[in-house]
Amino acid sequence: MRVLIATVTAGGGHIAAAAALEEAWRSLRPDDTVERLDLIKFFSPLHKKIHADGYLQLVERAPELWGMFFGKTDNPKVVRRLNKLRRAFPGNSRKKFARHLKQFKPDVVLCTHFSPYETLALLKSSEGGVPRRPNLMEKMGTRRVRPSESHKPFVASIVTDFEAHALWMDSCVDLYCVAAEETKARLIARGVTQSGIMVTGIPVAQKFLSSPDPLTVRKNYGLRDDQPVLLVLGGGFGMGPVAEILAELDKVPGRFQTLVVTGRNEELRRKLAAQTRQHPTHVLGFSTNMHELMAVADLILTKPGGLTSSEALAMGKPLFILNPIPGQEAANSDFLLERGAAAKVNRVEDLPFRIEQLLGSKKLAAMARAAKSLGRPKSAEAVCRAVLQRLSPP
């Protein structure tokens, strides 16, 4: 088969989910042709800059404005009107993506962002379609298709948060792969048929299935064996009040050590690395070994992005959430708190008291157990198998 994994750079989560799906599909079906495509490559330079900087600036400087937009658009009727308006005025980036689809001729499109729907909906409409060739399953007699049939690929929507915003819904989608039963229930309440949804978890890389030896990881990162580890994550872009968090952790009594990941924010890494701390602190930049860092963490302090949260849950690690932005982070936060896998403060100055209460407590152990029960380390494989099952009816 020919498989296209379509995504858009909008934070690191969508890209990470796409990479996890590519890894899983190639592992299951190494003979298939698989392409991972970031639609931002079709954007104009100006569009790229607006897209790359706009969201980050908005959530950093005016999160309440982002929350208002998120809430106003979380309505299927509003989204349908917006989509109808956008499709009436085709843009260059959509035309380029449409040409790419016609050239690649995918049998399956896995979407870890909702942006591809606009073009895929036109392709799958009665007016759209391009000539297709039979895929491997059809040659084997699994699906019989006339050579003249238009090429309308199977489209899977892989929702990368614990709540499905209305933007994730589109008529072109054949299967929704979602994080949890609650996510499924929301889609059903909004009119999606139950048979069109599979609870797979949010796709995480296969390395989160592994169990790194904690003593070896501690030695590699210069960590002590006799103190708990707090892992502070600033996300791929080093966003959030990381410096303020470390300043407040200095006020926490007791013995612990801190690992800090600043992502691609090199300026922040240099600034934090030059500072003296009350507790042993190790400052890292962009890390490709997040599974190792999480393996030694007793508690992860982070923004509740869908991917980061799913990676932590896959490794059975409790989360401490600080000031989630309105919108998807607030929804993810609610899910984790309700299920007992996280604690939260809305103001960073409340951090010392809460951390002191948690470290070494029974509640922290209970949070870890809840996280492990929610974890889906084989989520990427589950998505691929769900799609293959729909393509190969009994």
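Predicted, not measured: the structure shown is a model, and the values here were computed from it.

**Here's the deal with the sheet that holds strand β6 (residues 154–158)**
No. 1: As summarised here, the arrangement of the six strands in space is β2-β1-β3-β6-β7-β8, forming an open sheet in which the pairing is parallel. Taken across any chain shown, the strands that pair with only one partner, and hence form the sheet edges, are β2 (33–38) and β8 (197–199). If you compare each strand with its neighbour and ignore which way they point, the axes differ by 20° on average.
No. 2: Pairing geometry for strand β1 (residues 2–7) and strand β3 (residues 108–111), over four bridges, is parallel. Across the sheet, residue Ile5 finds its bridge partner in β3, namely Leu110.
No. 3: Where helix α5 (residues 92–104) meets the sheet, it contacts β1 and β2, and its direction lies at approximately 160° from that of β1.

**Notes on the packing of aromatic side chains**
No. 1: In this structure the tally under the stated criterion is five aromatic pairs.
No. 2: Ring geometry for Trp66 against Phe70: centres 6.4 Å apart, planes inclined by 55°, an arrangement best described as tilted. Of this pair, Trp66 and Phe70 both sit in helix α3 (residues 63–73), four residues apart, which is roughly one turn of that helix.
No. 3: Overall, Trp66 belongs to the buried group, its relative accessible area being 15%.
No. 4: A residue is classified by how much of its surface remains accessible, and Phe70, at 13% relative accessible area, is buried.
No. 5: One aromatic cluster is present, formed by Trp66, Phe69 and Phe70 through successive ring pairs.
No. 6: The ring of Phe104 has Arg2 sitting right over it, with the charged end atom 4.5 Å from the ring centre.
No. 7: Over the face of the ring belonging to Phe286 we find Arg264, whose NZ or CZ atom lies 4.1 Å from the ring centre.

**Details of α3**
No. 1: What α3 keeps buried is the set Trp66, Gly67, Phe70 and Thr73. All buried residues of α3 project into a common sector of 140° when viewed along the axis, lining one side. In α3, the exposed positions angled more than 90 degrees off the buried face are occupied by Glu64 and Lys72.

**Overview of the nonpolar core**
No. 1: Residues Phe208, Leu231, Met290, Met294 and Ile300 are the most contacted members of the largest nonpolar core, which totals 37 residues.
No. 2: Among the elements of the structure, β9 (229–233), β10 (257–261), α12 (290–296), α13 (306–314), β13 (319–322), α14 (328–338) and α16 (362–374) are those that each provide at least two residues to this core.
No. 3: Sorting elements by how many residues they give to this core places α12 first, with five residues.
No. 4: Setting aside residues up to four positions removed in sequence, Met294 forms contacts with Phe208, Leu231, Leu233, Ile300, Thr308, Glu311, Ala312, Met315 and Lys317.

**Topic: the confidence of the model for the chain**
No. 1: On average, residues of the chain score 87 in pLDDT, and 89% of them reach the 70 mark or higher.
No. 2: Least confident of the elements in the chain is strand β4 (residues 130–131), whose mean pLDDT is 39; most confident is strand β7 (residues 175–178), at 98.
No. 3: Under a pLDDT of 50 for its full length, residues 127–149 has, in the predicted model, 42 contacts with residues more than four places off or in other chains.

**Quick look at unusual backbone geometry**
No. 1: Although it is not a glycine, Lys105 adopts a positive phi angle of roughly 55°.
No. 2: With respect to the helices and strands, Lys105 occurs in the loop between α5 and β3.
No. 3: With relative accessibility at 25%, the residue Lys105 sits in the partly exposed group.
No. 4: With a phi close to 45°, Asn323 is a non-glycine residue in the positive phi region.
No. 5: Along the chain, Asn323 turns up in the loop between β13 and α14.
No. 6: A relative accessible area of 44% means that Asn323 is categorised as partly exposed.

**Structural notes on the packing of helix α1 (residues 13–28) against helix α17 (residues 379–391)**
No. 1: Between α1 and α17, whose axes approach to 8 Å, the crossing angle comes to 60°. By the angle between their directions, the pair α1 and α17 is classed as oblique. In this structure, the crossing between α1 and α17 has a hand that is right-handed. Residues Ala20, Leu21, Ala24, Trp25 and Leu28 of α1 touch α17, and the partners they reach there are Ala380, Glu381, Val383, Cys384, Arg385, Val387 and Leu388.

**Comments concerning the pattern of salt bridges**
No. 1: Following the criterion strictly, the structure yields 17 salt bridges and no others.
No. 2: Salt-bridge contacts for Glu266 lead to Arg269; the nearest nitrogen and oxygen are separated by 2.6 Å. Placement of both Glu266 and Arg269 in helix α11 (residues 266–273) is noted, with a separation of three residues, approximately one turn of the helix.
No. 3: With a relative accessible area of 24%, Arg269 lands in the partly exposed category.
No. 4: Residue Lys303 pairs with Glu329 through a salt bridge whose shortest N-O separation is 4.0 Å.

Each value, and the rule that gives it
- Residues numbered from 1 in each chain as written.
- Predicted model: local features only at pLDDT ≥ 70, side-chain atom pairs only at ≥ 80, totals over all residues.
- Heavy atoms only, no water.
- Pairing = 2+ DSSP bridges.
- Helix = DSSP H or I, 4+ residues; strand = E, 2+ residues; numbered from the N terminus.
- Axes fitted to C-alpha atoms, helices over the stretch in contact; angles between N-to-C directions.
- Contact = heavy atoms within 4.5 Å.
- Phe/Tyr/Trp six-rings, centres within 6.5 Å; stacked < 30°, edge-to-face > 60°.
- Buried < 20%, exposed > 50% of the residue type's maximum accessible area, 1.4 Å probe, protein only.
- Lys NZ or Arg CZ within 6 Å of the ring centre and 35° of its normal.
- Arc of directions from axis to C-beta.
- Core = buried A, V, L, I, M, F, W, Y, C linked by side-chain atoms within 4.5 Å.
- pLDDT = per-residue confidence, 0-100.
- Parallel < 35°, antiparallel > 145°, perpendicular 65-115°, else oblique.
- Left-handed = near helix turned anticlockwise from the far one by under 90°.
- Salt bridge = Lys/Arg side-chain N within 4 Å of Asp/Glu carboxyl O.

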